[in-house]
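Single-letter residue listing:
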2 protein chains.
Amino acid sequence: MAALSLRIDLEPEGRIGPGKIALLESIATYGSISAGAREMNMSYKRAWDLVEELNTILGKEVLSAQKGGRHGGGAQLTPVGLALVSRFRAIERAAHAAAETHLAALQAEIAAR
Amino acid sequence: MAALSLRIDLEPEGRIGPGKIALLESIATYGSISAGAREMNMSYKRAWDLVEELNTILGKEVLSAQKGGRHGGGAQLTPVGLALVSRFRAIERAAHAAAETHLAALQAEIAAR
């Protein structure tokens, strides 16, 4: 019936949700912002804006540039970027597990009416 | 550091998030759509649209009208509306509890870098 979608609100700084996390994962997988963005059908500019937003929210850089600069060269996650991705996914798994029973019960309650 | 914001995706039907749930709670508390909407600084039309969206998503009515019709009279939650609100809040509590340790760890990891 339902999928759970999680956002971490860091008011007033901003929101970190599944979209930004998936972008970081894609950048890490493909080794550059441009390739990671392409894989997500996202413009380089959009991807870069999202990365900058994360940097601002966390007050630390989530990517480190490699040879050739950000555009031409590669990029990889910093320890902060890695921590963010793995903690977000862990919270997601924990929340899904915790919600599973309630979602099933809600579905049954709605069906019964 | 962070508050967790939860959404239940019922693709392709729609999303149920904290805003719609708070509106239902407000309607239940004040006993009518207009009073519940006012308390949330929301127009009657906006509130009614959100209620209709919930009805469509669930395929069941979340409110029942009382004497005087929907506009003039009162409104209360149906059993489906009540189940939705209480399950959503329960999922939220469970997810927050599950996430607490990870959020604290993430905060420490970011601060340490």
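Residues numbered from 1 in each chain as written. Chains lettered and ligands numbered in written order. Predicted model: local features only at pLDDT ≥ 70, side-chain atom pairs only at ≥ 80, totals over all residues. Heavy atoms only, no water.

(A) The relation of the copies chain A and chain B, seen in detail. Rotating chain A by 180° about the axis while translating it 0.0 Å along that axis superimposes it on chain B, leaving an RMSD of 0.0 Å. These values place the two chain copies in the arrangement generated by a two-fold rotation axis. Looking at the rotation axis and the C-alpha trace of chain A, the residue lying nearest is Ala95 of chain A, at 2.2 Å. The share of interface residues of chain A whose copies in chain B are also at the interface is 100%, consistent with both copies meeting through the same surface. (Least-squares fit on C-alpha atoms with pLDDT ≥ 70 in both. Contact = heavy atoms within 4.5 Å.)

(B) How the structure looks around the interface of chain A and chain B. Counting residues at the interface gives 32 residues for chain A, matched by 32 residues for chain B. Of the roughly 3000 Å² buried between chain A and chain B, counting both surfaces, carbon and sulfur atoms make up 66%. The interface formed by chain A and chain B contains two salt bridges. Linking chain A with chain B are six residue pairs in polar contact (both at pLDDT 80 or more). Only β1 (3-10) and α5 (79-112) of chain A provide two or more residues apiece to the side of chain A that touches chain B. The leading source of residues in the side of chain A that touches chain B is α5 of chain A, at 18 residues. Partitioning the side of chain A that touches chain B into residue classes produces 23 nonpolar, two polar and seven charged. (Buried area = accessible area lost by both parts, 1.4 Å probe. Salt bridge = Lys/Arg side-chain N within 4 Å of Asp/Glu carboxyl O. Polar contact = N/O pair within 3.5 Å; in protein donor to acceptor, adjacent residues only side chain to side chain. Helix = DSSP H or I, 4+ residues; strand = E, 2+ residues; numbered from the N terminus. Nonpolar A, V, L, I, M, F, W, Y, C, P; charged D, E, K, R; others polar.)

(C) Quick look at the nonpolar core. If you look at the biggest cluster of nonpolar residues, it comprises 67 residues, and the most contacted ones within it are Leu63 of chain A together with Leu63 of chain B. When near neighbours in sequence (up to four residues on either side) are disregarded, Leu63 of chain A contacts Leu24, Ile27, Ile33, Val51, Ala75, Gln76, Leu77 and Thr78 of chain A. (Core = buried A, V, L, I, M, F, W, Y, C linked by side-chain atoms within 4.5 Å. Buried < 20%, exposed > 50% of the residue type's maximum accessible area, 1.4 Å probe, protein only.)

(D) How the structure looks around the pattern of salt bridges. Inspection of the entire model under this criterion finds 10 salt bridges over all chains. Note that Arg87 of chain A is salt-bridged to Glu109 of chain B, the shortest N-O span being 2.7 Å. Taken together, the residues span two chains, with Arg87 of chain A in helix α5 and Glu109 of chain B in helix α5 (residues 79-112). Overlapping salt bridges bring together Glu25, Arg89 and Glu92 of chain A as one network.

(E) Up close: α5 of chain B. Between the first and last C-alpha of α5 of chain B there are 49 Å, a value that for 34 residues agrees with the 50 Å anticipated at 1.5 Å per step. Most pronounced at Ala99 of chain B, the bend in α5 of chain B amounts to some 40°. (Expected span 1.5 Å × (residues − 1). Bend = angle between axes of the 7 residues up to and from the residue.)

That's the geometry; what it means functionally is another story.
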